[in-house]
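Topology and contacts: notes
Spelled out from the first residue to the last, the chains are:
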Amino acid sequence: MYGLYIHIPFCKKKCSYCDFISYQGKEQLIPDYLSGVYREMEKYAGQPLTTIFVGGGTPTLLSNEQIIALMKKIRSLFSTRGLSEITFEANPESLTPDRLRALKTAGVNRLSIGLQSFSDPELEFLGRVHDLAAFKRAFATARQFGFANINVDLIYGLPHQTVLGWQKSLESLLSLDPEHISLYPLTIEEGTPFERDGVKVDDDLQAEIYDWSIDYLAGHGWCHYEISNWSKVGYKCRHNLLYWRNMEYIGVGAAAASYYKGFRMKNTNDIGEYLRMVDIGASPASEKEAIGTGKKLIEEVILNLRCMDGVTVSDEMQKKYGPIIENLAEKKLIEYSGQNMKLSRKGMQFANQVMKEFV
Ligand code: SF4
């Protein structure tokens, strides 16, 4: 069984912090792009799917007809008997009643809404196209249409943000009662307007906010199951868990990554190049790597460590990483007992450094 990821690299406007592969002002390419996606999916025809995740970019920029046709095409090409989760990423302003009706008709059963902040001045600073009122409207309408599994993304540690301001934001979010929350620290990525403008983040503030959020959400019964992700019971994101459990998945579209039949592949970021390649029946992958046993072991440790329940340390892992595990446990960055190794509270703050030890 595979997860299927489809990348929709179009946005109404580029946000000031964003380095995802998404393009502003190229919406006229969407019909051709979808034809390309169909052609690429044909290569995987007949494979059984367990989850679908349509991400971007802004997938809800697709028209109602395009959303319904895309899902119909997937169902005609793949075996979907075991399909349990279909997620669409969405920006609040694009979730009109019409769009929500189309998503429902198409069988989408999980929405992931990019809110990013509960404050209008912060939304403006981030370069988002929506305000808080648009999010609240979208969320309430999604509930009216019967969406019972909704994730909301927030970004923390913005310049001038205070811990108190953040606490109010998270409290307000919980009052809306979503099923899933993703919290990401603001990072300044190369080539973004934030980098150009010299925006800085305060690591201490981010650490304080993250620490407080872990306790606050635990106190309200939330399950912290991955470094940046919390869910109510029964609402972990099944698709993302496939990645973190190092399972194989199919990625389709420009910039999409796949892990398929022992190979990791990454498609070209360039939409024109992507369309040219799929048009002549060639692979749009610009990177391809066979994952041998050694690499697989590294990936298994690193990806599983992202999950709060950690890694079951096999004999092979113990043989390869014994001294590293001991050293990290001594520094109290991981907790290691029996055969289970997981990030400690301190390790969650320094997760990237911990992971690097295993590479
Ligand atoms: S909506 Fe998302 S993908 Fe699009 S520019 Fe903003 S952060 Fe990037």
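In case you missed it, the structure is sitting above this.
So, here is what we can say about the structure in this document. (Residues numbered from 1 in each chain as written. Predicted model: local features only at pLDDT ≥ 70, side-chain atom pairs only at ≥ 80, totals over all residues. Heavy atoms only, no water.)

**Focus on the overall build of the protein chain**
Along the protein chain, the regular secondary structure elements total 14 helices and 17 strands. Whereas a compact globule of 359 residues would reach a radius of gyration of roughly 21 Å, the protein chain reaches 21 Å, a difference of no more than 12%. Reported as C-alpha extents along the three principal axes, the dimensions of the protein chain are approximately 55 × 50 × 40 Å. The burial tally for the protein chain puts 52% of its 359 residues in the buried class. Split by element, the accessible area of the protein chain, about 16100 Å² in all, is 51% carbon and sulfur. Across the protein chain, the centroid of the 41 positively charged side chains sits 6 Å from that of the 44 negatively charged ones. (Helix = DSSP H or I, 4+ residues; strand = E, 2+ residues; numbered from the N terminus. Rg over C-alpha atoms; globule rule 2.2 N^0.38 Å. Buried < 20%, exposed > 50% of the residue type's maximum accessible area, 1.4 Å probe, protein only. Areas by Shrake-Rupley, 256 points an atom, 1.4 Å probe, with all protein chains shown as cover. Lys, Arg positive; Asp, Glu negative; His and termini not counted. Charge placed at Lys NZ, Arg CZ, Asp CG, Glu CD.)

**Examining unusual backbone geometry**
For the peptide bond that leads from G56 to G57, omega is 20°, which places it in the cis range. Its identity is not glycine, yet H160 carries a phi of approximately 75°, on the positive side. Counting through the fold element by element, H160 comes out in the loop between β7 (150-156) and α6 (163-176). H160 gets classed as exposed once you look at its relative accessible area, which sits at 80%. The backbone phi angle of D177 is positive, close to 70°, even though this residue is not glycine.

**Observations concerning helix α8 (residues 203-219)**
Spanning 17 residues, α8 covers 24 Å between terminal C-alpha atoms, matching the ideal 24 Å at 1.5 Å per step. Near the N-terminus of α8, the side chain that reaches the backbone nitrogen of D204, with its oxygen 3.0 Å away, is that of D202. Just downstream of α8, G221 is the residue with a positive phi angle, here 80°. (Expected span 1.5 Å × (residues − 1). Polar contact = N/O pair within 3.5 Å; in protein donor to acceptor, adjacent residues only side chain to side chain.)

**Considerations on the site of the ligand**
Residues in close proximity to the ligand include C11, K13, K14, C15, Y17, C18, F20, S22, G57, T58, N91 and R128, which together make up its full environment. Across the shell around the ligand, the residue classes break down as five nonpolar, four polar and three charged. (Near = heavy atom within 4 Å. Nonpolar A, V, L, I, M, F, W, Y, C, P; charged D, E, K, R; others polar.)

**Considerations on the pattern of salt bridges**
Two side chains bearing opposite charge may form a pair once their charged atoms approach each other closely. For the coordinates displayed, the defined rule picks out 12 salt bridges. R345 is the salt-bridge partner of D211, the closest N and O atoms lying 3.2 Å from each other. Taken together, the residues span a long stretch of sequence, with D211 in helix α8 and R345 in helix α13 (residues 345-349) at a distance of 134 residues. A salt bridge links R345 to D215, with the nearest nitrogen and oxygen atoms 3.0 Å apart. One end of the pair, R345, is in helix α13; the other, D215, is in helix α8, with 130 residues separating them in the sequence. A relative accessible area of 32% means that R345 is categorised as partly exposed. Here the salt bridges share partners, and the residues they tie into one network are D211, D215 and R345. (Salt bridge = Lys/Arg side-chain N within 4 Å of Asp/Glu carboxyl O.)

**Structural notes on the side chain of H239**
As for its position among the elements, H239 is in helix α9 (residues 238-244). Judged by its relative accessible area of 0%, H239 is buried. Within polar-contact distance, the side chain of H239 engages the side chain of T51 at 2.8 Å. Filtering out sequence-adjacent residues up to four positions away, H239 remains in contact with G3, L4, Y5, T51, I52, F53 and E85. (Contact = heavy atoms within 4.5 Å.)

**Some remarks on the pairing of strand β4 (residues 49-56)**
Burial runs high along β4: eight of the eight residues are buried. Where β4 meets strand β5 (residues 85-90), four bridges bridge the pair, whose relative direction is parallel. Each bridged residue has a counterpart across the sheet, and for T51 the counterpart in β5 is E85. (Pairing = 2+ DSSP bridges.)

**Points about the sheet that holds strand β17 (residues 340-343)**
Taken together, the three strands give an open sheet; going across it, the order is β15-β17-β16, and neighbouring strands pair in antiparallel fashion. Where the open sheet ends on each side, the last strands, each with one partner, are β15 (311-312) and β16 (334-337). Pairing between β16 and β17: four bridges, direction antiparallel. Its bridge partner lying in β17, Y336 is registered against M341. Helix α12 (residues 315-330) contacts β15, β16 and β17 of the sheet and is inclined by roughly 125° relative to β16. (Axes fitted to C-alpha atoms, helices over the stretch in contact; angles between N-to-C directions.)

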